[in-house]
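Survey of secondary and tertiary structure
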Amino acid sequence: MAGPWEMVIGLEVHVQLLTKTKLFCPCSTAFGAPPNANTCPVCLALPGALPVLNRGAVRLAARAAYALGCTVHEESVFARKNYFYPDLPKGYQISQFDRPLATGGFLALEDGPGARGVRIHRVHMEEDAGKSIHDRYPGHSAIDLNRSGTPLIEIVSEPDLRSAADAGVYLRRLKQILEYTEVSDANMEEGSLRVDANVSVRAAGADALGTKTEIKNMNSFSGVERALEVEFARQVALVERGERVVQQTMLWDAGSGTVRPARSKEESHDYRYFPEPDLPPLRLTSAVLAEWREAVGAQRAEPFQQRERALERSGLRSLEPRKFREVALAPGKQLERGAGEIDAANLGIVLRRERTLFALVPQPQAHPRCGAARAAGTLVRGSARDALEHEAVEADGRIEAHDACEA
Amino acid sequence: MSAVAAVEAAFRRADEVRAGPDGLNAFVHVDREAAVAEAAELDRMVAERLDVAGRPTHDAGRSPLGARPIAVKDNIATLGLPTTCGSRILAGYRSPYEATVVRRLREAGAIVIAKTNMDEFAMGSSTEQSAYGPTLNPVDRTRVPGGSSGGSAAAVAAGIVRIALGSETGGSVRQPAAFCGVVGVKPTYGRVSRYGLVAFASSLDQVGVFGKTVDDAAHGLSVIAGHDERDSTSIDLPVPDFRAAARESLEGLVIGRPREYFPDTLDPRIRDVCDAAAERLRGLGAVVRDVSLPHTSLAIPVYYIVAPAEASSNLARFDGVRYGLRLAGDGLTGMYEATRSGGFGAEVTRRILLGTYVLSAGYYDAYYRKAMAIRALIRQDFVRVFADGVHVLLTPTAPTTAFRLGAISDPYEMYLSDIYTATANLAGIPGISVPGGTVDGLPVGVQFLATHFDEYRLFAAAYALERSLTEQGEHP
Ligand SMILES: [Zn+2]
């Protein structure tokens with residue numbers, strides 16, 4: 001067979017939700033606690049403990065789904081995904097299987113009417129596993145279950161992407177949506193956003209899909225793009241030699257810029273899914289869903305470009321998080337760049353001190369001070385800084401300056 | 001009687017009947033000193049008129065149960081005493097938290113004097129499948145007490161405690177109650193919190209209560225019933241005063257006699273006990289009617305797909321990583337294999353394998369999905385009968401009386417011991433077993449079943465039958 005060859009990509013993105021507590025227990029999700037400090041009988045899977053669903057996580061998951069144009073279902077079902085691993089304390093992960101929270105969305109890759117985009121197959125909720133630490137104690141592995149039970153959503157795209165560059169655009173836009181809607185930090189380097197990619201090749205214009213491989217272990221957007229190019233080249237080379245692509249899991253090695261097949265143990269589980277008997281089906285009334293959908297609608301109405309431009313003008317977007325923090329919090333210090341005014345609708349600042357992560361998000365409801373500024377169409381630097389500073393002094397551990405704006 | 005006196009009396013009785021491993025083998029964990037100390041503390045608080053939290057109270061009685069020693073099945077989490085589910089894999093395990101049912105009982109004045117023997121992880125019908133060895137039936141020590149909650153049934157039957165907790169997945173309270181000649185109630189699924197009950201099959205499991213009398217069982221259930229936010233499957237419904245059912249008249253009560261529970265193969269002596277019970281209730285004003293529950297014969301096959309499937313997942317957490325037994329093996333997989341092979345007994349292993357099989361790719365639709373569909377039909381049978389005006393069903397609790405230790409070695413034959421009880425677990429309805437008479441000196445249980453959350457009517461029928469038998473001096 002001969003080219004030209006077309007790459008077909010579908011992405012599975014796991015995203016940590018910005019809840020204060022875990023998905024099925026009241027433990028904190030705060031980052032950086034001593035190992036196993038944020039645990040309880042539920043997330044340690046002690047005998048007899050039972051999960052209780054965090055409704056706040058459901059709200060965030062639904063918000064993300066609406067922001068991606070999905071239908072959120074009035075009834076969805078949690079299921080057990082069974083496999084043994086030391087950092088999976090119950091021996092199963094509570095996830096959703098044949099009845100996910102949401103299905104059928106769309107993410108545009110460009111702005112404007114009729115823009116190219118990617119269909120979203122589904123968005124479902126699940127819990128994270130803990131962490132295995134292999135290099136700390138010689139001859140032993142250590143398990144940290146602080147992350148065990150942290151809420152995740154998995155966003156599964158249809159195989160609509162045709163290039164590594166488009167996959168990059170998809171991921172960057174997805175990250176923006178998740179940040180703007182305050183669903184997640186969506187930080188791939190910190191693991192709050194993780195990407196697995198399904199890739200296959202076919203002759204350009206063909207209808208049938210080729211045999212796909214799954215690439216794992218990528219830890220940056222550019223890494224995803226490089227891994228896709230490398231895997232595409234590998235598959236094309238195989239096909240051109242008349243060989244067959246084998247369905248398997250490939251691991252990306254960023255150091256060497258290569259992919260290698262995962263050991264058989266790392267792939268092809270029979271997860272023996274069945275409905276989670278400890279949790280009744282998740283039911284959401286149409287009234288609640290309508291309210292959530294409207295809240296997201298207000299944010300979606302604002303085109304990204306406009307929001308991006310406002311952020312660029314403010315000078316905040318382009319600053320490093322640490323720098324931004326200094327600028328935003330230093331008393332009396334002026335913003336170094338930008339026009340010195342920010343569209344109030346675009347100001348809402350999420351501060352997470354322990355992670356020095358700052359994201360700008362739109363806030364429909366403004367602080368009285370923000371509101372006054374909004375009325376004038378602008379918000380001056382000083383009042384934004386005051387609002388931030390005030391919160392920064394009072395809060396402990398994690399700060400959400402936008403709370404001040406909502407108060 | 002003071003709490004200390006009550007607890008000491010219970011221990012004296014335990015000594016007399018030899019409740020430990022040298023005798024009945026009903027008690028597997030006991031801490032006498034701690035129990036007496038807890039009782040002394042309770043007495044002090046009563047004397048000082050303090051409630052459980054140490055706050056002053058005007059309630060002189062202080063607690064709904066009074067100071068009462070109880071025994072708790074070894075798969076219900078307690079602080080202090082170990083919680084080992086009769087399994088080697090949890091040898092020595094102590095729970096850092098306590099089950100909601102135990103907390104509620106303690107707050108009502110109960111003192112846990114022992115954890116009781118059971119079939120490992122509640123998988124069995126004879127209490128022979130325990131890492132601690134079999135429990136003996138106090139009525140006849142050559143026989144099994146039934147199971148899986150055999151230790152609790154034996155403790156009540158031997159007169160050590162009047163109330164004990166068990167758990168049910170397919171009849172594990174009602175069947176041993178019948179074998180030992182005591183009362184055993186399995187509430188509606190969702191009536192009692194499962195938080196702290198070590199899961200066997202989550203959609204079937206429910207904590208149950210043994211009582212020396214119907215009133216003891218009603219008393220115990222009143223204390224533990226009610227919504228618990230820690231169990232998402234517990235239902236937020238008001239809990240009636242079950243003890244008030246003692247005063248209910250049976251006038252007009254419609255009792256259904258399901259023909260599938262009285263097949264031609266049923267031991268006629270057991271049939272006679274049930275028919276005599278029905279006759280007594282008829283004499284008290286009840287109407288007895290023949291009914292049909294056509295899917296009854298499918299209950300055991302369905303049960304032995306659904307329960308092992310859930311068990312295979314629920315028991316995955318016993319992996320040697322965080323608690324319990326850990327046996328060394330070659331690498332991680334070797335450790336898993338060594339720990340789980342060495343930690344689980346034969347019956348538990350059999351069910352984990354069975355459950356893993358029925359959930360596997362390619363078999364799920366043929367087994368699990370189909371079983372769940374039939375389960376819905378079994379439930380529908382009951383819903384229809386109760387909608388047709390039947391208030392309570394009357395059946396034998398078990399097809400036999402207590403069998404001899406070691407008499408049943410074929411697993412399937414053992415499974416048939418639950419043929420009349422597993423249906424209620426599959427349908428989620430409540431059931432109670434009341435001593436109805438004897439055959440060759442061995443107790444026979446009469447079972448009542450009612451619609452979801454109608455334990456009150458169960459108790460009304462149970463009180464009436466018990467009173468009728470007692471008045472005529474026929475209480476076994
Ligand atoms: Zn927890």
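Residues numbered from 1 in each chain as written. Chains lettered and ligands numbered in written order. Predicted model: local features only at pLDDT ≥ 70, side-chain atom pairs only at ≥ 80, totals over all residues. Heavy atoms only, no water.

The subject of this paragraph is the overall build of chain A. Looking only at helices and strands, chain A features nine helices and 20 strands. Considering only contacts within chain A whose residues lie at least 6 apart along the sequence, 71% involve residues at least 24 apart. Surface summary for chain A: the accessible area is close to 17700 Å², and the carbon and sulfur share equals 51%. (Helix = DSSP H or I, 4+ residues; strand = E, 2+ residues; numbered from the N terminus. Contact = heavy atoms within 4.5 Å. Areas by Shrake-Rupley, 256 points an atom, 1.4 Å probe, with all protein chains shown as cover.)

All right, on to the sheet that holds strand S1 (residues 27–29) of chain B then. Sheet strands line up and pair through hydrogen bonds in the backbone, either parallel or antiparallel. Residue and element names in this part refer to chain B. Taken together, 11 strands build an open sheet; the order of strands is S1-S3-S2-S4-S6-S5-S10-S11-S9-S7-S8 and the sheet is mixed. Of all the strands in the sheet, just S1 and strand S8 (287–291) have a single pairing partner and so form its edges. On average, each strand axis in the sheet is tilted by 35 degrees relative to the strand beside it, whichever way the strands run. Of the pairings in the sheet, the one linking strand S2 (residues 68–73) to strand S4 (residues 163–168) comprises three bridges and is parallel in character. Across the sheet, residue Val-72 finds its bridge partner in S4, namely Leu-165. (Pairing = 2+ DSSP bridges. Axes fitted to C-alpha atoms, helices over the stretch in contact; angles between N-to-C directions.)

Moving on, we come to the pattern of salt bridges. A full pass over the atoms with the stated rule returns 44 salt bridges over all chains. Here Glu-243 of chain A and Arg-241 of chain A are joined by a salt bridge, their closest N and O atoms 3.0 Å apart. Of the charged contacts, one joins Lys-115 of chain B and Asp-74 of chain B as a salt bridge, the two residues approaching to 4.0 Å between their closest N and O atoms. Of this pair, Lys-115 of chain B sits in strand S3 (residues 110–116) while Asp-74 of chain B is found in the loop between S2 and helix H3 (100–107), placing the two residues 41 residues apart along the sequence. Both residues of the pair, Lys-115 of chain B and Asp-74 of chain B, count as buried. In this structure, a network of salt bridges that share partners links the residues Arg-80, Glu-276 and Asp-278 of chain A together with Arg-194 and Asp-231 of chain B. (Salt bridge = Lys/Arg side-chain N within 4 Å of Asp/Glu carboxyl O. Buried < 20%, exposed > 50% of the residue type's maximum accessible area, 1.4 Å probe, protein only.)

Each disulfide consists of one covalent bond between the sulfur atoms belonging to two cysteines. Residues and elements named next belong to chain B. Applying the stated criterion to the full structure yields zero disulfides over all chains. Among the cysteines around Cys-180, which has no disulfide bond, Cys-274 carries the closest sulfur, lying 18 Å off. In this structure Cys-180 comes out as buried when scored by relative accessible area, which is 3%. (Disulfide = S-S within 2.5 Å.)

On to the domain arrangement of chain B. Residues and elements named next belong to chain B. Domain assignment breaks chain B into domain 1 (3–245), domain 2 (251–295 + 378–471) and domain 3 (301–365). Centre-to-centre, using C-alpha coordinates, domain 1 lies 24 Å away from domain 2. Contact with domain 1, which involves 49 residues of that partner, is made by 42 residues of domain 2. In total, about 3600 Å² of surface goes out of reach between domain 1 and domain 2, with carbon and sulfur atoms giving 62% of it. Scanning the region where domain 1 abuts domain 2 turns up one salt bridge. With a closest N to O distance of 3.0 Å, Glu-455 and Arg-191 form a salt bridge. The tally of links from domain 1 across to domain 2 stands at 25 residue pairs in polar contact (both at pLDDT 80 or more). Counting only elements with at least two residues in the side of domain 1 that touches domain 2, the list comes to helix H5 (174–180), strand S5 (183–186) and helix H6 (214–224). Among the elements that take part in the side of domain 1 that touches domain 2, H5 stands out by supplying six residues, more than any other. (Domains from an automatic or database assignment. Buried area = accessible area lost by both parts, 1.4 Å probe. Polar contact = N/O pair within 3.5 Å; in protein donor to acceptor, adjacent residues only side chain to side chain.)

This part covers unusual backbone geometry. Residue and element names in this part refer to chain B. The omega torsion of the bond from Gly-147 to Ser-148 falls at 10 degrees, within 30 degrees of zero and hence cis. Looking at where Ser-148 falls in the secondary structure, it is placed in the loop between S3 and helix H4 (150–157). Phi at Arg-18 is positive, roughly 55 degrees, even though this residue is not glycine. You can call Arg-18 partly exposed: its relative accessible area is 41%.

The next thing to look at is the coordination of the zinc ion. Residue and element names in this part refer to chain A. The zinc ion binds to the protein through Cys-25 (SG), Cys-27 (SG), Cys-40 (SG) and Cys-43 (SG), with metal-donor distances spanning 2.3 to 2.4 Å. Coordination geometry of the zinc ion: the four donor atoms subtend angles of 99 to 117 degrees at the metal centre, consistent with an arrangement described as tetrahedral. The sequence pattern formed by the donor residues of the zinc ion is C-x1-C-x12-C-x2-C. Taking the relative accessible area as the measure of exposure, Cys-25 reaches 9% and is therefore buried. (Donors = N, O, S within 2.8 Å, 3.2 Å for Na, K, Ca; no water. Tetrahedral: all angles 85-135°; square planar, octahedral: opposite > 155°, others 65-115°.)

Right, let's get into helix H1 (residues 3–17) of chain B. Residue and element names in this part refer to chain B. In this model, H1 (15 residues) spans 21 Å end to end at C-alpha, consistent with the 21 Å of a helix rising 1.5 Å per residue. Of the positions making up H1, those classed as buried are Ala-3, Val-4, Ala-6, Val-7, Ala-10, Phe-11, Ala-14 and Val-17. In this structure, the buried residues of H1 make contact with S1, helix H2 (32–47), S2 and S3. (Expected span 1.5 Å × (residues − 1).)

The next point concerns a nonpolar patch on the surface. Together, Tyr-357, Tyr-363 and Tyr-367 of chain B make up a nonpolar patch on the protein surface, roughly 270 Å² of accessible area in all. Residue placement: Tyr-367 of chain B occurs in helix H11 (residues 365–387). (Patch = residues over 30% accessible without salt bridge, like charges linked within 9 Å, V, L, I, M, F, W, Y side chains within 5 Å.)

Turning our eyes to something else, we now look at the interface of chain B and chain A. Counting residues at the interface gives 38 residues for chain B and 32 residues for chain A. Together, the buried faces of chain B and chain A total about 2700 Å²; carbon and sulfur atoms form 58% of this surface. The tally of links between chain B and chain A comes to one salt bridge. Note that Arg-194 of chain B is salt-bridged to Asp-278 of chain A, the shortest N-O span being 3.0 Å. In this structure, the connection of chain B to chain A is made through 18 residue pairs in polar contact (both at pLDDT 80 or more). Among the secondary structure elements, those contributing two or more residues to the side of chain B that touches chain A are helix H8 (299–314), helix H9 (331–343) and helix H10 (346–359) of chain B. When residues in the side of chain B that touches chain A are grouped by element, the largest group, five residues, is from H8 of chain B. Of the residues belonging to the side of chain B that touches chain A, the class tally is 19 nonpolar, 11 polar and eight charged. (Nonpolar A, V, L, I, M, F, W, Y, C, P; charged D, E, K, R; others polar.)

In this section: the packing of aromatic side chains. Residue and element names in this part refer to chain B. In this structure the tally under the stated criterion is 22 aromatic pairs over all chains. Between Tyr-357 and Tyr-367, the aromatic rings sit 5.7 Å apart at their centres with planes inclined by 50 degrees, giving tilted as the arrangement. With a gap of 10 residues between them, Tyr-357 in helix H10 and Tyr-367 in helix H11 connect regions that are remote in the sequence. Residue class for Tyr-357 comes out partly exposed when judged on its relative accessible area of 36%. (Phe/Tyr/Trp six-rings, centres within 6.5 Å; stacked < 30°, edge-to-face > 60°.)

With that settled, consider the packing of helix H2 (residues 164–180) of chain A against helix H3 (residues 221–240) of chain A. Residues and elements named next belong to chain A. At a closest axis distance of 9 Å, the pairing of H2 and H3 adopts a crossing angle of 155 degrees. Considered as vectors, H2 and H3 are oriented roughly antiparallel to each other. Here H2 and H3 pass one another in a crossing that is right-handed. In this structure, H2 uses Ala-164, Ala-165, Ala-167, Gly-168, Leu-171, Arg-172 and Lys-175 to contact H3, whose residues at the interface are Phe-221, Ser-222, Val-224, Glu-225, Leu-228 and Glu-229. (Parallel < 35°, antiparallel > 145°, perpendicular 65-115°, else oblique. Left-handed = near helix turned anticlockwise from the far one by under 90°.)

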